[in-house]
Amino acid sequence: MTKHVNLRLPDDVHAMAAAAAAADDRSLNSWLISVVRRAAEPGGAPDCLGRDSATPAPLRGRGSSSRP
């Protein structure tokens, strides 16, 4: 079984991910699955995937949307 997820990526992140996927001779979808799978495994290290740890992720939850 598979689930569909809409993922919004900034243009620069999309370009980097597409280049990494091409260098690995994979589709972008297949490459993203492998990255998420590695990060989600016990002991996986999502911070080692190139995320800039100095920039905190935006907070999510009730009342955090900037939409009216």
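Quick notes on the rules
Residues numbered from 1 in each chain as written. Predicted model: local features only at pLDDT ≥ 70, side-chain atom pairs only at ≥ 80, totals over all residues. Heavy atoms only, no water. Helix = DSSP H or I, 4+ residues; strand = E, 2+ residues; numbered from the N terminus. Expected span 1.5 Å × (residues − 1). Buried < 20%, exposed > 50% of the residue type's maximum accessible area, 1.4 Å probe, protein only. Arc of directions from axis to C-beta. Contact = heavy atoms within 4.5 Å. Salt bridge = Lys/Arg side-chain N within 4 Å of Asp/Glu carboxyl O.

**Student:** What's the story with helix H2 (residues 28-40) in this structure? I'm lost.
**Tutor:** For an α-helix, 3.6 residues make a turn, and residues three or four places apart therefore share a direction. In this model H2 runs 18 Å from its N-terminal to its C-terminal C-alpha over 13 residues, within 8% of the 18 Å that 1.5 Å per residue would give. Taken together, the buried positions of H2 are occupied by Trp31, Ser34 and Val35. One side of H2 holds all its buried residues, which, seen down the axis, span an arc of 95°. Exposed and oriented more than 90 degrees from the buried face of H2 are Asn29, Val36, Arg37 and Ala40. Where H2 is buried, its residues meet helix H1 (11-23).

**Student:** Please clarify how H1 should be interpreted in this entry.
**Tutor:** Look at H1: 18 Å from first C-alpha to last across 13 residues, which is about the 18 Å you get at 1.5 Å a residue. Positive backbone phi, approximately 55°, marks aspartate 25, located one or two places after H1.

**Student:** Whenever I open this one, the pattern of salt bridges confuses me. Can you help?
**Tutor:** Pairing is possible between side chains that carry opposite charge, provided their charged atoms lie close to one another. Overall, the coordinates contain one salt bridge when judged by the stated rule. The salt bridge involving aspartate 24 is made with arginine 26; its shortest N-O contact spans 3.1 Å. Since its relative accessible area comes to 40%, aspartate 24 is described here as partly exposed.

**Student:** What is the right way to look at unusual backbone geometry in this model?
**Tutor:** As a rule of thumb, non-glycine residues mostly have phi less than zero, and peptide bonds are mostly trans rather than cis. The backbone of aspartate 25 shows a phi angle near 55°, a positive value even though the residue is not glycine. Note on placement: aspartate 25 falls in the loop between H1 and H2. Judged by relative accessible area, aspartate 25 falls into the exposed class, the value being 74%.

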